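Residues per chain are reported as follows:
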Amino acid sequence: MEAQKERSMILQKEMVSGLFNELGRAKETGRKVCYTFVPGNLSELIRTFDLLPVYPEINALQSAMRKKSAGYIKEAEKNAHSEDVCTYVKCDVGMMMKGNFGPTGEKIPEPDILLLSYTGCFTFLKWFETLKRLYPNAEVIMIHTPYQEAGKMTPEMTQYMVRQFREEVIPKMEKVTGIKYDEEKLKYHLNLAKEAQDWIAKIFETTKHKPSPIDAYFAGVYYIGPINIGFRGTPEAVEYYKALYEEIMERVRLGLGPITPEGEMKEEKYRLVVEGPPNWTSFREFWKLFYDMGAVIVASSYTKVGGVYDLGWRHDSTRPLESLSEYCMNCYTNLNIPQRIDLLSKCITEYSADGYVTNSIKSCNSFSAGQLGMMREIEDRLEIPVGFIESDLVDPRYFSYSNIKNRLESFFQMLEQRKKIVKTETV
């Protein structure tokens, strides 16, 4: 059946295509190219220096959705990358070994800069070590982001990062691009970033409505696309999110549920919060397992990897470098485990969720570590049904439809039983 696409999905597709077209012409136009990662991405600073961004994780997940990742992973494993290595890495490396043609078929230019703003994933370090061997002429810029071990950002942590921006990041960007740092231009992009973040926060808060007008996980990963691929801090992103919010509020006004690949969800039976990334190789089948049961995801941790805006944090143009520093430290994967539990518990409570599901990813240590403990703490604290399933990011060998279906069916039976008990107790 042909998927029914929301207008926002179409707009997002156009933005992605436009970026890949620009990358395809980078050699011709002379634009410098910066490879970087989604968590802790410095979109506003990258745009201040007129760099074109490339996000390896985005290339990997889009390759998976186009059924290309298996071949790339096989190529990387033939070249001694272990089966246990993050499959985003192997998909990315395999794609480069096969000519570095991106998901849309456009050749992706070589990097002039490898920018690593490390935020809670050790794999990022080894990933860029590998890329440096493949692209020895690229300038490596690494900014160390302090982990929120004590559950807070201190002024000392912020100043530690600001010094890195002043002494390492900005001078190297000036050297590669030949463009002098313009703080007024950075402030312009930070103001636009804040505006987009305000709209994003409002969009994800719409799931408090019953029925929820959107699915905050399966559709949510599309919604965060523009801010995660370099459009944060642009007028295009602000217009996109403003239009998206208006579209969603119209659904609220009409009392409509989320749009799925098979059309509008007619009945919202269960409201869930999901922890962990989705499976990309069988994305539609994975989503169908939920919407066939009338389950809508009202909040998810994965839509917060590019920034946590639920608690009110925003970019601040009056403190440009401090603001970039705090953004990096405030990403979901840089939060400690108690902070993550508090955030997810808040979502479950405020969004009236009936249950909590963990999708544990075989090859993603930054997400999988501590997930079982988090799930048990949330179960004890809130006394709600919890479910645990396993898959992978972009390796189709680790998506078992039958196993996931069996586990989810048991979970939904538990949810149904719980609803009957609650109903009986309230009569």
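Residues numbered from 1 in each chain as written. Predicted model: local features only at pLDDT ≥ 70, side-chain atom pairs only at ≥ 80, totals over all residues. Heavy atoms only, no water.

J.: Any chance you could explain the sheet that holds strand 10 (residues 386-391) here in plain terms?
T.: Sheet strands pair by backbone hydrogen bonding; their relative direction is either parallel or antiparallel. If you trace the 4 strands from one edge of the open sheet to the other, you get 8-7-9-10, paired in parallel fashion. Looking at which strands have only one partner, the edges of the open sheet turn out to be strand 8 (295-300) and strand 10. Averaged over all pairs of adjacent strands, the angle between strand axes in this sheet comes to 30°, irrespective of strand direction. Here strand 7 (residues 270-275) pairs with strand 8 via 5 bridges, running parallel. Bridging across to strand 8, V274 finds its partner in S300. Strand contacts of helix 13 (residues 283-291): strand 7, strand 8, strand 9 (355-361) and strand 10, with the helix running at about 110° to strand 8, the strand carrying the most contacts. Here helix 17 (residues 371-382) sits on the sheet and contacts strand 7, strand 9 and strand 10; the angle it forms with strand 9, its principal contact strand, is near 175°. (Pairing = 2+ DSSP bridges. Helix = DSSP H or I, 4+ residues; strand = E, 2+ residues; numbered from the N terminus. Axes fitted to C-alpha atoms, helices over the stretch in contact; angles between N-to-C directions. Contact = heavy atoms within 4.5 Å.)

J.: Can you help me understand unusual backbone geometry in this one?
T.: If a residue is not glycine, its phi is most likely negative; likewise, a peptide bond is most likely trans. With an omega of 0°, the peptide bond between K210 and P211 qualifies as cis. Tracing the backbone through its elements, the reader meets P211 in the loop between helix 9 (183-205) and helix 10 (220-223). The residue A80 is not glycine, and still its phi comes out positive at about 75°. You can see A80 is positioned in the loop between helix 5 (69-78) and helix 6 (87-97). Classification of A80 by relative accessible area gives exposed; the value is 74%. Of note, the phi angle at N100 is positive, near 60°, even though the residue is not glycine. Position of N100 among the secondary structure elements: in the loop between helix 6 and strand 3 (113-118). (Buried < 20%, exposed > 50% of the residue type's maximum accessible area, 1.4 Å probe, protein only.)

J.: What is the right way to look at the environment of V252 in this model?
T.: Inspection of the secondary structure assignment puts V252 in helix 12 (residues 235-254). In the structure, V252 is positioned 46 residues away from T206 in sequence and 8.0 Å away in space, judged by C-alpha atoms. Those residues in contact with V252 that lie beyond four places of it in its chain are H209 and P213.

J.: What is the right way to read the state of the cysteines from this model?
T.: What is meant by a disulfide is a covalent connection between two cysteines, made through their sulfur atoms. In total, this model carries 0 disulfides according to the counting rule given. The structure places no disulfide on C121, whose sulfur is separated from the nearest cysteine sulfur, that of C364, by 6.2 Å. Look at C121 and you get buried, because its relative accessible area is 10%. Cysteine C364 shares no disulfide, and the gap to the nearest cysteine sulfur, in C86, comes to 6.1 Å. Residue C364 is classed as buried on the basis of its relative accessible area of 10%. (Disulfide = S-S within 2.5 Å.)

J.: Got a minute to help me understand the packing of aromatic side chains in this structure?
T.: Aromatic ring pairs: the centre-centre distance and the angle between the two ring planes describe each pair. Tallied over the full model, the rule gives 26 aromatic pairs. Ring centres of Y302 and F367 lie 6.0 Å apart, and the angle between their planes is 50°; on these two criteria the pair is classed as tilted. Of this pair, Y302 sits in the loop between strand 8 and helix 14 (320-329) while F367 sits in helix 16 (residues 365-368), and the two are 65 residues apart along the sequence. We note R47 situated over the ring of F231; from NZ or CZ to the ring centre the distance is 5.5 Å. The ring of Y351 has K208 sitting right over it, with the charged end atom 5.3 Å from the ring centre. (Phe/Tyr/Trp six-rings, centres within 6.5 Å; stacked < 30°, edge-to-face > 60°. Lys NZ or Arg CZ within 6 Å of the ring centre and 35° of its normal.)

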